[in-house]
Amino acid sequence: MKLIFENWKKFVNENSPPSKEFVFSESELRELNKSISKIVSAAKKALGADGPVPLLSPKDLERVSAEPEDLRMVAEDADVIDLRKRYYGDEGELEKSSPRAAKGLEKGLGQMTATDFEEGGYVLRVTEEVLKDFEALVESTRQTGELYVQARDWYHNIRKLLDEETKSDRDSALLGLLIATYSPRAKFALNLAEAAFMFKAVQKDAQENPEALKAYLETFPGAEKKEPGSPRGFTKAHKVPNFALNLVAPDLAGSRDPKTGEMKYNDMYTWNSTIDTWMIDAFYPLLRKASTAKEWEAIKGKMMSNVVSYRYMARLVAQEAKKFNLLPHELQAIIWVSMQIRQTGDPGLGVTTQFAINQIKDSITNIKQINMDLRDIEKEFEEKSWLGVLFDEIENKGFGEAAKFVLGVKDEKGKTVTPGVRSLTSRGKKGSSFRYFPEPEKALGKSKATKKKKTGPPKEKPVKRYAGEEHSSLNTHYVMNNVIQMPTGKFNNLYDSVMLYLDPDFSTEKAVEYITGRFDPEATATSKYFT
């Protein structure tokens, strides 16, 4: 097969007119390789041949043009094929160091440095070029001034808002835990709004009927397998526990002197930054470039849930943060905002706290304009924050009316006529400006099996226990089943948050103590890490 391909190239070279030349962009080269793959697959099938599909890399092509000023690059990255081999080839880096469980470590996972993880071969090493790029990301936001401060103070601003709009440290800590609980798979504005609704529901039910609230918690999936009141949340993966700690205790890893700006670090908590998919994009740009979109999503999921990979990346963030006189979670927030801007290509899509708050305020304004003058709404926002306005609406008009801020207003046919937070956050630019490695061609001659359509009336789905009418008098029941968009996967964290709050002595300090107690930094195996 290799000989056939080489002869074919020789034939093309010898018989092409000397004046005939082609110029390929990166995307066009991908399409060419797809076509080659298709042709070779058909030839292999007809001839009964075997062997790898020959692909063209930019290095196989020449830079040509009739006029020098028309010269353009054949491809944006001359090494994309080589990158593919580097990570996905036989004995490639993914085979050697893909995220996996570890055991028999010489010291506890919590004591290992970034260098320990690298030298032990437990992780995919992050390159020096990437760490230097962090400096470029920091400087690019620093030049804008306002964006830099908003990104750096992301967690501090959230905690300040919680303190201003709640009546006690106990309430503030609960709201912080709920924001972390509802963060997975939610745009941040929707995340904030859902957490605010659940906070008010739990707060009211805890005051009016705490025993009924406890009983409702036992209807959550999996509760029947555990002892009532036993801990079950903030475990299995680091992201939500770390996010919770960043929100409720943003000074855990250190604090900045308000006069000099100098940082005082607490090295006990340098691991405490939130590593999410945006951060993994920043850490592994070459692997992302070598991966298909599906492969990259799978890799990111494994890295986020793998304790070794997470701890390694968190250690790197802390290591680099000191170079910029930043706390770990401050650098993480700057990179998080910068990566959104870089990946979407839109400077307006960096999700600072102000960006998310503006989306919520827009939805509140949309709904209130149905019955109020815009000037009165603006005056209300001058006097109160969005959270204060939302809490007032719940107190004065109830959860059902206030829920329109999230759900919007629909007409008789169910079409949204006035958008709420859920609709607003789902709008805007979709996808990414980044191009992934093309998906491999499907084998020729094979068509997707079509599923037979089921006939007859649809089967009635059984009512989930947490949706049953038995507890419908509770505010928490209403919010869970009417306001929360995707409750799945968040029940255990909600369970623990509410159980902690039901203790009258609950506080930020106890929240920190509880979450840090959910993992053992001295564990020498990943299976023993979460307790």
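The shown structure was predicted, so the numbers you read here are calculated from the model rather than taken from an experiment.

So, about empty space enclosed by the protein. In this structure the tally under the stated criterion is three cavities of 30 Å³ or more. Along its surface, the largest cavity is lined by Arg-86, Tyr-87, Arg-125, Val-126, Thr-127, Val-130, Phe-283, Tyr-284, Pro-285, Leu-286 and Leu-287. Among the elements of the structure, α3 (80-88) and α14 (285-290) are those that each provide at least two residues to the lining of the largest cavity. Per-element accounting of the lining of the largest cavity gives the leading share, three residues, to α14. Residues that form the lining of the largest cavity fall into these classes: eight nonpolar, one polar and two charged. For the second largest cavity, the calculated volume is near 40 Å³. Along its surface, the second largest cavity is lined by Ile-158, Leu-161, Leu-162, Leu-175, Ile-179, Leu-192, Ala-196, Trp-386 and Leu-387. Contributing elements (two or more residues each) for the lining of the second largest cavity: α8 (154-165), α9 (169-181), α10 (188-208) and α20 (386-397). It is α8 that contributes the most residues to the lining of the second largest cavity, three residues altogether. Class assignment of the residues belonging to the lining of the second largest cavity gives a composition of nine nonpolar, no polar and no charged.

Bringing the packing of aromatic side chains into the picture now. Within the structure shown, the criterion is met by 18 aromatic pairs. When the centroid spacing of 6.5 Å and the interplanar angle of 50 degrees are considered together, the rings of Phe-197 and Phe-399 count as tilted. Remark: Phe-399 occurs in helix α21 (residues 399-402) and Phe-197 occurs in helix α10; sequence separation between them is 202 residues. Like Phe-399, Phe-197 is buried. Here Tyr-466 and Phe-491 contribute two aromatic rings whose centre-to-centre distance is 4.8 Å and whose plane-to-plane angle is 50 degrees, an arrangement assigned as tilted.

Take Glu-211: it is sitting in helix α11 (residues 210-217). For the pair formed by Glu-211 and Leu-502, sequence separation is 291 residues and the distance between their alpha carbons is 9.8 Å.

Here we come to the environment of Leu-94. Mapped onto the elements, Leu-94 comes out in helix α4 (residues 93-97). Residue classification places Leu-94 among the buried positions, given a relative accessible area of 13%. For the pair Leu-94 and Leu-287, spaced 193 residues apart in the sequence, the C-alpha separation amounts to 9.2 Å. The contacts of Leu-94, once residues within four sequence positions are left out, are Tyr-87, Tyr-88, Arg-100, Leu-124, Leu-287 and Ile-299.

Thresholds applied
Residues numbered from 1 in each chain as written. Predicted model: local features only at pLDDT ≥ 70, side-chain atom pairs only at ≥ 80, totals over all residues. Heavy atoms only, no water. 1 Å grid on protein atoms, 1.4 Å probe; cavity = no way out; pocket = protein on both sides within 12 Å on 5 of 7 lines; lining within 4 Å. Points joined across faces, edges and corners; volume = space filled by probe spheres on them. Helix = DSSP H or I, 4+ residues; strand = E, 2+ residues; numbered from the N terminus. Nonpolar A, V, L, I, M, F, W, Y, C, P; charged D, E, K, R; others polar. Phe/Tyr/Trp six-rings, centres within 6.5 Å; stacked < 30°, edge-to-face > 60°. Buried < 20%, exposed > 50% of the residue type's maximum accessible area, 1.4 Å probe, protein only. Contact = heavy atoms within 4.5 Å.

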